[in-house]
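Understanding the architecture of this molecule
One-letter residues, chain by chain:
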Amino acid sequence: MRRGKRAELAPSIALPLETARLLIREFAANDVDSVHAYSSLPEVTQFLIWGPNTAEQSKQSVRAFLDDQKDKQRTNFDLAIVQKQIRKRGEKRRLIGAVGLKLVDWDNRTAEIGYVLHPEFWGAGYAAEAAHAVMAAAFHDLGLQRIVATCDQRNKASARVLEKLGMRREGAFRRSKYIQDAWRDEYLYAVLAEEFAF
Ligand SMILES: CC(C)(COP(=O)(O)OP(=O)(O)OC[C@H]1O[C@@H](n2cnc3c(N)ncnc32)[C@H](O)[C@@H]1OP(=O)(O)O)[C@@H](O)C(=O)NCCC(=O)NCCS
């Protein structure tokens, strides 16, 4: 496998991605309201290091996503999860959440995956479907060796998503992240390219 610093090699993920039910695409400036719809909810951010967002914070986060898109040595891929199916005529496709891939250690071809969904869409397999598509593209298009994820040990839904993605629990950290109001314990999950079920 080719080695090199991120600056010498700037591959990207071919977007949009399409799954059975979803489109995974770049964020656009007019996605702010959809992003705020989930980022502002305490039940969504209870296990996250950010939020619940004010309208201004949601605006800033979309601005940061757009800045990342212009980065020639892009390391952050925050992508919109959009439901493909339209139930009624005239209805718009809905942006239901986000999936993020961060190249945390390019020299070692390692990225971190994360996801967040509007609660209206929890429990239908969307997070696993979106993350799987991004991980498959990342292993393939970026030539990654390893994808990791961390989650608050209380976040049972997220841990289950990571297990459904074929990730292995490799560690349990004690009081490693300040989440909302306290230092929390986390799990570390990982999967290698050679193990991933494409
Ligand atoms: C975590 C999150 C993205 C999961 O999204 P989702 O689309 O509901 O996930 P999926 O439907 O793909 O899978 C969820 C799994 O967790 C299980 N689950 C949900 N709540 C659970 C709980 N309290 N205890 C045990 N399992 C639980 C579901 O049954 C499902 O497993 P199954 O398919 O085997 O039945 C969503 O809950 C969310 O947006 N949470 C807020 C943001 C967040 O915490 N992100 C993760 C940061 S690490």
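Below: a short report on this structure. Just so it is clear, the structure is predicted and the values come from calculations on it, not from any experiment.

Here we look at the overall build of the protein
- Helices and strands together make up the secondary structure of the protein, namely five helices and eight strands.
- N-terminal to C-terminal, the α/β element order of the protein is β-β-α-α-α-β-β-β-α-β-α-β-β.
- Computed over its C-alpha atoms, the radius of gyration of the protein comes to 16 Å, within 12% of the 16 Å expected for a compact globule of 198 residues.
- Dimensions of the protein, computed from the C-alpha atoms along their principal axes, are close to 50 × 35 × 30 Å.
- Within the protein, counting contacts between residues at least 6 apart in sequence, those at least 24 apart form 60% of the total.

So, the site of the ligand
- As a matter of local geometry, the ligand sits amid 22 residues, with Ala 127, Ala 128, Lys 156, Ala 157 and Arg 160 nearest to it.
- Looking at the shell around the ligand, the elements that each hand over two or more residues are strand S5 (110-117), helix H4 (126-142) and helix H5 (156-164).
- Top element by residues in the shell around the ligand is H5. It accounts for six residues.
- Residues that form the shell around the ligand fall into these classes: 14 nonpolar, five polar and three charged.

A few points about helix H1 (residues 32-39)
- For H1, the full list of buried residues reads Ser 34, Val 35, His 36, Tyr 38 and Ser 39.
- Next to the buried residues of H1 lie helix H2 (42-45), helix H3 (55-70), strand S4 (95-105) and S5.

With respect to the sheet that holds S5
- Taken in spatial order, the eight strands line up as S1-S2-S3-S4-S5-S6-S8-S7 in an open sheet, and their pairing is mixed. Of all the strands in the sheet, just strand S1 (17-18) and strand S7 (168-179) have a single pairing partner and so form its edges.
- Bridging between strand S3 (residues 76-83) and S4 involves seven bridges; their strand directions are antiparallel. When the bridges of S4 are listed, Asp 78 appears paired with Gly 100.
- Helix-sheet contacts for H4 involve S1, strand S2 (22-26), S3, S4, S5 and strand S6 (146-152), and the interaxial angle to S5 is about 155 degrees.

Focus on the nonpolar core
- Ile 81, Val 99, Ala 130, Ala 131, Val 134 and Ala 138 are the most contacted members of the largest nonpolar core, which totals 44 residues.
- Counting residues per element, this core draws most heavily on H4, at 10 residues.
- Aside from chain neighbours lying at most four places away, what touches Val 134 is Leu 17, Ile 24, Leu 79, Val 99, Leu 101 and Ile 113.

A word on the packing of H1 against H3
- For the pair H1 and H3, the least separation of the axes is 9 Å and the interaxial angle reads 125 degrees. Compared by their axis directions, H1 and H3 come out oblique. The interaxial crossing formed by H1 with H3 has right-handed handedness. In contact with Val 32, Val 35, His 36 and Ser 39 of H1, H3 contributes Ala 55, Ser 58, Lys 59, Ser 61 and Val 62.

Some words on unusual backbone geometry
- In this chain, Leu 15 is followed by Pro 16 through a cis amide linkage whose omega measures 0 degrees.
- Relative to the helices and strands, Pro 16 resides in the segment before S1.
- Of note, the phi angle at Arg 109 is positive, near 50 degrees, even though the residue is not glycine.
- In this fold, Arg 109 is placed in the loop between S4 and S5.
- Residue Arg 109 is classed as partly exposed on the basis of its 19 C-beta neighbours within 10 Å.

Scoring rules and cut-offs
- Residues numbered from 1 in each chain as written.
- Predicted model: local features only at pLDDT ≥ 70, side-chain atom pairs only at ≥ 80, totals over all residues.
- Helix = DSSP H or I, 4+ residues; strand = E, 2+ residues; numbered from the N terminus.
- Rg over C-alpha atoms; globule rule 2.2 N^0.38 Å.
- Contact = placed C-beta atoms within 7 Å.
- Near = placed C-beta within 6 Å.
- Nonpolar A, V, L, I, M, F, W, Y, C, P; charged D, E, K, R; others polar.
- Buried ≥ 20, exposed ≤ 12 C-beta atoms within 10 Å, placed from the backbone.
- Pairing = 2+ DSSP bridges.
- Axes fitted to C-alpha atoms, helices over the stretch in contact; angles between N-to-C directions.
- Core = buried A, V, L, I, M, F, W, Y, C linked by C-beta atoms within 7 Å.
- Parallel < 35°, antiparallel > 145°, perpendicular 65-115°, else oblique.
- Left-handed = near helix turned anticlockwise from the far one by under 90°.

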